[in-house]
Amino acid sequence: MYLVESKEGAIGCMLLSLFFLGTWPAVMTMLERRGRLPQHTYLDYTLTNLLAAVIIALTLGEIGNNKPHEPNFLSQLSQDNLPSVLFAMAGGVVLSVGNLSTQYAWAFVGLSVVEVIASSITVVIGTTLNYFLDDRINKAKILFPGVGCFFIAVCLGSAVHSSNTADNKAKLNDFSSHHKDAAQYVLDLENGSASAYEAKAGTAVFLIELEKRRSIKVFGKSTFIGLAITFFAGVCFSLFSPAFNLATNDQWHTLKKGVPHLSVYTAFFYFSVSCFVVAIILNITFLYHPILNLPKSSLKAYLRDWDGRGWAFLAGLLCGFGNGLQFMGGQAAGYAAANAVQALPLVSTLWGIILFGEYRKSSRRTYILLGGMSLMFIAAVAVLMESSGHRK
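Here the structure is a predicted model, which means the values were calculated and not measured.

Thresholds, definitions, all that
- Residues numbered from 1 in each chain as written.
- Predicted model: local features only at pLDDT ≥ 70, side-chain atom pairs only at ≥ 80, totals over all residues.
- Heavy atoms only, no water.
- Helix = DSSP H or I, 4+ residues; strand = E, 2+ residues; numbered from the N terminus.
- Buried < 20%, exposed > 50% of the residue type's maximum accessible area, 1.4 Å probe, protein only.
- Areas by Shrake-Rupley, 256 points an atom, 1.4 Å probe, with all protein chains shown as cover.
- Phe/Tyr/Trp six-rings, centres within 6.5 Å; stacked < 30°, edge-to-face > 60°.
- Lys NZ or Arg CZ within 6 Å of the ring centre and 35° of its normal.
- Contact = heavy atoms within 4.5 Å.

*Asks:* Sorry, what's going on with the overall build of the protein here?
*Replies:* Helices and strands together make up the secondary structure of the protein, namely 15 helices and 0 strands. A buried classification covers 56% of the 392 residues belonging to the protein. Accessible surface computed for the protein: about 16700 Å², of which carbon and sulfur atoms make up 67%.

This is the structure in structure tokens:
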């Protein structure tokens, strides 16, 4: 099997992973804003997410000769490594629940803020756990200042959300008080007689049209719901990497003597299988018993819904390959350093601005906070990657 052994190779994997993991949420958000039910989107995403793990396992996991201490993917499937398999599958469960949670949170508080808060919680908790699990192979004097940058970023992210929410409320209030035809416009929008192209990003009309199109309605609902879901997702995300670390390195000595550790590729396969199973069960349940006042659906309706399916498939591939690259880099340079990919809000925020018009026509205060948040993430990526060690 192919192994990443150099620090440079590990950093390359992390950077590519950062781009993939920052892009797939933007694709999912785009589909929700177009009105596609998140249950349908997530079922499609789940299929190709598992496919990515299978492709990685059957290619990189099968390259080269099969060695007793470094068996290839297919050879490991028949070995007595159940404890490590369970750790890998536990990681997949919490990641699946976290990903599903964020899909609903995006609608309430926006793509960039969700990614900032969830990723920062992941780094603060997950990096600390991985640092001790990896026997401190990462440079603590460099690593933990990077964690500090993430912690500052989560504070700035909360401030950005608060400021942007106030900006949006001011736009809507101004629109209602200064436009006598505001009520008629909303009625026309509901009847389908108002055109979407009339609105410019960042305006009150744009916000009203977005609410009409999207599948998850958020007007009149407390953003506390979105923040609560986001913090829950962050806790889930903080646990999947340490669980994967235990699966591949057996720090708790749960394997029998002489049984080789799970390779990254085998662990990632089991990780993705459990992620797939949990996602299928939850989303089929949500089809018939939806949450957040979403309309009911069915398997028959899902199978007939091809609108945006290709984008959902792309999101699953991006997430699958992104996670695989993160784990490959983590196995080589330490999983604590690999948490640099949690700076994915840098990418998500960029997509949010380009694709969705987030923060358009916002206040100067919001722009200053947004800039400070971005700088903190850039600093965190540089510092965490510099802390990379080398696993013996």
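*Asks:* When you look at the packing of aromatic side chains in this model, what are you seeing that I'm missing?
*Replies:* Centre-to-centre distance and the angle between the planes together describe a pair of aromatic rings. For the structure shown, the criterion picks out 18 aromatic pairs. The rings of F240, F244, F268, F271, F327 and Y335 are connected pair by pair, giving a single aromatic cluster. Sitting over the ring of Y302, R309 keeps its end group 4.7 Å from the ring centre. Over the face of the ring belonging to W306 we find R309, whose NZ or CZ atom lies 4.5 Å from the ring centre.

*Asks:* How should I be thinking about the environment of P290 in this particular structure?
*Replies:* Looking at where P290 falls in the secondary structure, it is placed in the loop between α10 (264–288) and α11 (299–304). Residues contacting P290, with those up to four places away along its chain left out, are Q39, P295 and K296.

*Asks:* In this structure, what is going on with the environment of F108? I would like to understand it.
*Replies:* On the secondary structure map, F108 appears in helix α4 (residues 82–109). For F108, a relative accessible area of 8% gives the class buried. The spatial distance from the C-alpha of F108 to the C-alpha of T223 is 5.8 Å, given a sequence separation of 115 residues.

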